[in-house]
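# A look at the structure
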Amino acid sequence: MSGAEWMKAKPAQGAPIDLQTDRPHPARVYDFLLGGKDNFPADRAAGEAGLKANPSSRIPPRENRKFLRRVVEHLAAEHGVRQFLDIGTGIPTSPNVHEVAQAVAPQSRIVYVDNDPIVLAHARALLTSKPEGRTEYIDADLRDVERILGSPQLREVIDFDRPVALMLIAIMHFVGDADRPYEIVSRLVDALPSGSFLALSHLTGDFDATAWARVAEIYAKQGVTMQVRSHDDVARFFTGLELLEPGLPIVTKWRPDADVDAEVTDTQVAVYGGVARKA
């Protein structure tokens, strides 16, 4: 369905959705960079301006999606994780977390969280679960930790007496320091039981600070916060947790498989990613 068609979309509950098409949203800009159709002129303008500032801007979203798949497969197959909390879900792009997790273990349970109204319109696609498992969607902002953790949908689907994989994939660079990003992650992790995992990926300017500064400036003019961070700053999100091997590399080097583009450079990818266990 095209962006224009989604202007008429309604959520599962039947209430009209304000898609806020007059300004870009990270989920829709991301969709544009991935070659999707669920975006609007404001999103495309922001994405195209970013591409002019950094011609490699399509590569990070693409390799980040592959990282997400590998992470979910690894946690489900190698660590027996059967519960996933995916915050900052974005517009559904197959394979989604539930598709990957339930391909390994059909009984897997997934809760998606996002605050973009177009993602809410896509909730039906996100809620398509294998009968043995379950999926749910929460309309909430990452920064509203209490709303997420206190959500009835979350408590109905996720058993907090068993390990949970918290997925913060390509979302924290849209949270500026003024919104206390480390506190947000810490509060979310503190709510998880022992044996849980944090999976996180984050844009960095370590390899081309000038290009990403230009991109961030362009996004800021469009009303979108983007704050790329150094390796040390990204590592801070994992404070107190045990990073799994291979640590916190550029995402193409995190347990790569045949799907990884061997031709792209660290400078082009510019996304760190890692997975850590809570003791």
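Quick note: structure is the one above.
Cut-off values and rules
- Residues numbered from 1 in each chain as written.
- Predicted model: local features only at pLDDT ≥ 70, side-chain atom pairs only at ≥ 80, totals over all residues.
- Heavy atoms only, no water.
- Buried < 20%, exposed > 50% of the residue type's maximum accessible area, 1.4 Å probe, protein only.
- Helix = DSSP H or I, 4+ residues; strand = E, 2+ residues; numbered from the N terminus.
- Pairing = 2+ DSSP bridges.
- Core = buried A, V, L, I, M, F, W, Y, C linked by side-chain atoms within 4.5 Å.
- Contact = heavy atoms within 4.5 Å.
- Salt bridge = Lys/Arg side-chain N within 4 Å of Asp/Glu carboxyl O.

### Examining the pairing of strand S2 (residues 109–114)
- For S2, the tally of buried residues reaches five of six residues, placing the bulk of the element in the interior.
- Where strand S1 (residues 83–87) lies against S2, five bridges are found, and the strand directions are parallel. If you follow Phe84 over to S2, its bridge partner there is Ile110.
- In this structure, S2 lies alongside strand S3 (residues 134–139), joined through six bridges in parallel fashion. By the bridge assignment, Asp114 is partnered in S3 with Asp139.

### Thoughts on the nonpolar core
- Phe84 and Leu168 are the most contacted members of the largest nonpolar core, which has 86 residues in total.
- The greatest single-element share of this core, amounting to seven residues, is contributed by helix H4 (residues 59–78).
- If near-sequence neighbours (up to four positions away) are discounted, Leu168 is found in contact with Ile87, Leu142, Val185, Leu198, Ala199, Leu200 and Ser201.

### Re the pattern of salt bridges
- Under the criterion given, the structure shown has 16 salt bridges.
- For Arg69, the salt bridge identified is with Asp259, shortest N-O distance 3.5 Å. One end of the pair, Arg69, is in helix H4; the other, Asp259, is in the loop between strand S6 (242–243) and helix H13 (266–269), with 190 residues separating them in the sequence.
- On the basis of relative accessibility, which here comes to 40%, the residue Asp259 falls in the partly exposed class.
- Across the salt bridge formed by Arg143 and Asp179, the nearest N and O atoms sit 3.2 Å from each other. One end of the pair, Arg143, is in the loop between S3 and helix H8 (145–149); the other, Asp179, is in the loop between strand S4 (165–169) and helix H10 (181–190), with 36 residues separating them in the sequence.
- Asp179 sits in the partly exposed class, given a relative accessible area of 36%.
- Connected through shared salt-bridge partners, Arg62, Glu63, Lys66 and Asp261 make up one network.

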